[in-house]
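Observations on the model geometry
The chain contents come next:
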Amino acid sequence: SIQNIPQLPPDPLFGLKARYTADTRTNKVDLGIGAYRDQDGKPWVLPSVKLAEKAIHEDPAYNHEYLPIAGLQQFTSAAAKVILGSDSKALKDDKVVSVQTLSGTGALHVAALFIKRFYKGSGSVYISSPTWANHIQVFETQGLKIESYPYWNYATKELDLKGFLGAINSAPEGSVFLLHACAHNPTGLDPTRSQWTEILGAIKKKNHLALFDSAYQGFASGSLENDAFAVRSAIDSFDGSLPILICQSFAKNVGMYGERAGVFHYVSATKDAALQSAVLSQLQKITRCELSNPPAYGAKIVSKILNTPELYAQWERDLVTMSSRIKEMRQTLRSELESLGTPGTWDHITTQQGMFSFTGLSKPQVDSLEKDHGVYLVGSGRASMAGFNLGNVKAVAKAIDQVVRE
Ligand code: PMP
């Protein structure tokens, strides 16, 4: 019989969303879930997506057939070029195996299964402290051991580079290091280029496996190239010695949240046709027994954008539209707080990038923001910057000012 099933608490983020929805205050503000909103606080369908959808629907060959098990090949290969660069040596050398996944989360799940079954390393997956909460359970549910590496220095609101490097150096040789490719979630704090070079150098020295989570490419800085810096440097510097795993999501940068368009890439250390073919066969088996084949619609849209030069150019403009609105909101929030003389320092809001800001607000302050002001953010003090707009930023700054002074 089915009994004694422990009741789990609601997912913190989706629970927050439910409280927000139930709140009847008209001036409530949702800074919870990381989804882009336009200047009116509305979800935004990218112009490039609208054009791609139109083209897909006008195609006389339009249908809803199954995709192959590894997904839509035009999508996965164009996606590889997006993250690796169209002139990537790894691609020219034919060292990349790519399969379509259920967005970034599905790619992480595939990575977890792949590591569990085939990676002969020390067995632990090192994640940043803090990290996106789902990272922990995606790996733990596969029976992988999680360790954390220092990342955010709570006192200085800066990268704890020393702690990070120390963890890399003291982890057993061949551990797995999960790295946020850009726009670190939840802190919004990324290593600088020279810090990345140090981090990747230390990882290489210890023969660790780098697993990149790329969920915000182009969304962070507005430039696909800039935001791929860490991944591409790792590929260049590990070439010939270590493989690299990449989990790629198009949820944020194409606004495909609910369409679940993602890719898992395995970049082989050296070209090895037999190994790569075996890897592909195993990745296909993982997909076949869990999904049979991946969802088609989002992949077709993204593929149309990536494979049509005019749409690609429109997409690059859309990335600038989103990233620059967020940058403007960071600037405005910071200057509002500074002009209110809110106790504390607020420059981190503009040095951080991407969807989130780790505000430094405490749990009690976050609770008061929700209770007294209808401003919703997660308990860690992480705010989704996309939730700000010219209509609410002043009021939210005032609310923050009040709770900080309480
Ligand atoms: N990784 C990180 C760091 C994220 O922030 C997210 C989205 N919140 C994801 C992966 C995956 O998102 P999705 O499954 O929607 O692609």
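Residues numbered from 1 in each chain as written. Predicted model: local features only at pLDDT ≥ 70, side-chain atom pairs only at ≥ 80, totals over all residues.

Going by this rule: UniProt positions are given in the numbering used here, feature names are shortened, and annotations may be inferred rather than shown by experiment.
Per an unreviewed UniProt entry, the protein chain goes by Aspartate aminotransferase and derives from Kuraishia capsulata CBS 1993. On record in UniProt, under Sequence similarities (unreviewed entry), the comment for the protein chain is "Belongs to the class-I pyridoxal-phosphate-dependent aminotransferase family." We quote the UniProt Catalytic activity (unreviewed entry) comment for the protein chain here in full: "L-aspartate + 2-oxoglutarate = oxaloacetate + L-glutamate".

**A closer look at the overall build of the protein chain**
What counts here: A helix here means a DSSP run of H or I that spans at least four residues, while a strand means a run of E at least two residues long, and both kinds are numbered starting from the N terminus. Restricting the calculation to C-alpha atoms gives the radius of gyration, and the globule rule supplies 2.2 Å times the number of residues raised to the power 0.38. Exposure classes come from backbone-placed C-beta atoms, where a residue is buried if 20 or more other C-beta atoms lie within 10 Å of its own, exposed if 12 or fewer do, and partly exposed in between.
Scanning the protein chain from N- to C-terminus turns up 16 helices and 13 strands. Computed over the C-alpha atoms, the radius of gyration of the protein chain is 21 Å, within 12% of the 22 Å expected from 2.2 N^0.38 for a compact globule of 406 residues. Along the three orthogonal principal directions, the C-alpha set of the protein chain runs to about 65 × 55 × 55 Å. Looking at the protein chain residue by residue over its 406 residues, the buried ones come to 45%.

**Focus: the sheet that holds strand S8 (residues 209-214)**
The strands making up a sheet associate through backbone hydrogen bonding, with each pair oriented either parallel or antiparallel. Applicable threshold: Strands are labelled as partners when DSSP assigns at least two bridges between them. The axes are straight lines fitted to the C-alpha atoms, using for helices just the contacting stretch, and the angles between their N-to-C directions are given from 0 to 180°. The contact rule is simple: place each C-beta atom from the backbone, and if two of them lie within 7 Å, those residues are in contact.
One open sheet accounts for 7 strands, arranged S2-S10-S9-S8-S7-S3-S4; its pairing is mixed. Both edges of this open sheet fall to strand S2 (96-102) and strand S4 (145-150), since each of them pairs with a single strand only. Direction aside, the axes of adjacent strands within the sheet are offset by 25° on average. Here S8 runs beside strand S9 (residues 244-249); their pairing, made up of 5 bridges, is parallel. Bridge pairing in S9 links Ser214 to Gln248. The sheet strands contacting helix H5 (residues 103-118) are S2, strand S7 (176-180), S8, S9 and strand S10 (261-267), and the helix crosses S9 at an angle near 155°.

**Here's the deal with the packing of helix H12 (residues 297-306) against helix H13 (residues 309-340)**
Here is the rule: In what follows, roughly perpendicular refers to angles from 65 to 115 degrees, roughly parallel to angles under 35, roughly antiparallel to angles over 145, and oblique to any angle outside these ranges. When residues are sorted by character, Ala, Val, Leu, Ile, Met, Phe, Trp, Tyr, Cys and Pro go into the nonpolar class, Asp, Glu, Lys and Arg into the charged class, and all the rest, Gly among them, into the polar class.
One can describe the packing of H12 onto H13 by two numbers: an axis separation of 6 Å at closest approach and a directional angle of 100°. By the angle between their axes, H12 is roughly perpendicular relative to H13. Residue-level inspection shows Lys304, Ile305 and Leu306 of H12 in contact with H13, the latter providing Leu311, Tyr312 and Trp315. Looking at the contact of H12 with H13, its residues break down into 5 nonpolar, no polar and 1 charged.

**Things to note about the domain arrangement of the protein chain**
What counts, and what does not: An automatic or database domain assignment supplies the residue ranges for each domain.
As assigned here, the protein chain comprises domain 1 (12-44 + 323-405) and domain 2 (66-307). Of all the secondary structure elements, the ones that give two or more residues to the side of domain 1 that touches domain 2 are H13 and strand S11 (356-358). The element contributing the most residues to the side of domain 1 that touches domain 2 is S11, with 3 residues. A class-by-class count of the residues in the side of domain 1 that touches domain 2 yields 7 nonpolar, 9 polar and 1 charged.

**Observations concerning the site of the ligand**
Rules: Nearness rests on one distance test: the residue's C-beta atom, set from the backbone, must lie within 6 Å of the molecule or strand.
What surrounds the ligand is the set Gly34, Ser103, Gly104, Thr105, Trp132, His180, Asn185, Asp213, Ala215, Ser249, Ala251 and Gly262. With 3 residues, the top contributor of residues to the shell around the ligand is H5. Among the residues making up the shell around the ligand, the classes are represented as 3 nonpolar, 8 polar and 1 charged.

**Digging into unusual backbone geometry**
Leave glycine aside and you will find that most residues have negative phi; peptide bonds, for their part, are mostly trans. In this model, Ser129 is joined to Pro130 through a cis peptide bond whose omega is 0°. Checked against the element boundaries, Pro130 lands in the loop between strand S3 (124-129) and helix H6 (133-140). Cis geometry marks the peptide bond from Asn185 to Pro186; its omega dihedral reads 15°. As for its placement among the helices and strands, Pro186 is situated in the loop between S7 and helix H8 (193-205). Residue Asn207 is not a glycine yet carries a positive backbone phi of 50°. Relative to the helices and strands, Asn207 is located in the loop between H8 and S8. You will see that Ser292, though not glycine, has its phi angle at about 70°, which is positive. Along the chain, Ser292 falls in the loop between helix H11 (273-290) and H12. Classification of Ser292 as exposed rests on a count of 10 C-beta atoms within 10 Å.

**Points about the environment of Thr101**
With respect to the helices, strands and loops of the structure, Thr101 is situated in strand S2. Through-space distance from the C-alpha of Thr101 to that of Ile168 is 29 Å; in sequence the pair is 67 residues apart. Sequence-distant contacts of Thr101, defined by excluding residues within four places in its chain, comprise Gly106, Ala107, Val110, Gly262, Val263, Phe264 and Pro294.

**Let's talk about the pairing of S9**
In terms of burial, S9 is a largely internal element, 6 of the 6 residues being buried. Bridging between S9 and S10 involves 6 bridges; their strand directions are antiparallel. Note on S10: the bridge partner recorded for Cys247 is Phe264.

**Here's the deal with helix H7 (residues 161-170)**
Rules: Picture the helix axis, draw a direction to every C-beta atom, and the arc is the one those directions span.
What H7 keeps buried is the set Phe164, Ala167 and Ile168. Axial view of H7: buried residues confined to an arc of 100°, hence all on one face. Away from its buried face by more than 90 degrees, H7 exposes Lys162, Asn169 and Ser170. Packed against the buried residues of H7 are S3, S4, S7 and H8.

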